[in-house]
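# Per-entry structural report
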Amino acid sequence: MTPPRRKRRQPQQLPPPPPPLPKPADGEENPRYPERLYTIAGTADGGRAELDLVTLIVSRSGPPPSASPEEAAVLRLCTAPLSVAELSAYLNLPFSAMTVLITELITTELVQARAPIVRQSVPDRSLLEAVMHGLQRL
């Protein structure tokens, strides 16, 4: 039995390097970074409502014409209750920016914040017994 013959690999050429980024006109060396988060929220003072990750937000009305794009997106998403964590994920904004944004919407009475629905940790014993008796009858 003869061993299999292997083909010799030829060296592959590397792709050309990407072209250098153009330098800004004002002579900066560092590239520009995205806008600061307080420009999205509209205020720099940071007044915030007591919001948790699981606080439910519900819109009271549609977005007014003067609303920012982020505020309009929150108002459109919150026709059904959504948590602050879900809104943060959908809009790709950090929780801190979402709290400031939602606080502004609460103060203008465009949204309502609700506490999450807490379910009982232990089911009712009588309910479990009724289910058990119903299964035994089958």
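Residues numbered from 1 in each chain as written. Predicted model: local features only at pLDDT ≥ 70, side-chain atom pairs only at ≥ 80, totals over all residues. Heavy atoms only, no water.

Going by what an unreviewed UniProt entry lists, the protein chain is known as DUF742 domain-containing protein and is assigned to Streptomyces cellostaticus.

### With respect to the packing of helix H2 (residues 69-77) against helix H3 (residues 84-91)
At a closest axis distance of 11 Å, the pairing of H2 and H3 adopts a crossing angle of 125°. In this view, H2 runs oblique relative to H3, as classed from their interaxial angle. The handedness of the crossing between H2 and H3 is right-handed. Counted together, Glu70, Ala73, Val74 and Leu77 of H2 and Leu87, Tyr90 and Leu91 of H3 form the full contact between these two elements. Across the contact of H2 with H3, the residue classes break down as six nonpolar, no polar and one charged. (Axes fitted to C-alpha atoms, helices over the stretch in contact; angles between N-to-C directions. Helix = DSSP H or I, 4+ residues; strand = E, 2+ residues; numbered from the N terminus. Parallel < 35°, antiparallel > 145°, perpendicular 65-115°, else oblique. Left-handed = near helix turned anticlockwise from the far one by under 90°. Contact = heavy atoms within 4.5 Å. Nonpolar A, V, L, I, M, F, W, Y, C, P; charged D, E, K, R; others polar.)

### Overview of a nonpolar patch on the surface
On the surface, Leu127, Val131, Leu135 and Leu138 cluster together into a nonpolar patch covering about 460 Å² of accessible area. On the accessibility criterion, Leu138 (84% relative accessible area) is exposed. (Patch = residues over 30% accessible without salt bridge, like charges linked within 9 Å, V, L, I, M, F, W, Y side chains within 5 Å. Areas by Shrake-Rupley, 256 points an atom, 1.4 Å probe, with all protein chains shown as cover. Salt bridge = Lys/Arg side-chain N within 4 Å of Asp/Glu carboxyl O. Buried < 20%, exposed > 50% of the residue type's maximum accessible area, 1.4 Å probe, protein only.)

### Here we look at the packing of H3 against helix H4 (residues 95-107)
For the pair H3 and H4, the least separation of the axes is 10 Å and the interaxial angle reads 110°. In terms of orientation, H3 lies roughly perpendicular with respect to H4. The segment H3 lies against H4, with Val84, Leu87, Ser88 and Leu91 engaging Phe95, Met98 and Ile102. Considered class by class, the residues forming the contact of H3 with H4 number six nonpolar, one polar and no charged.

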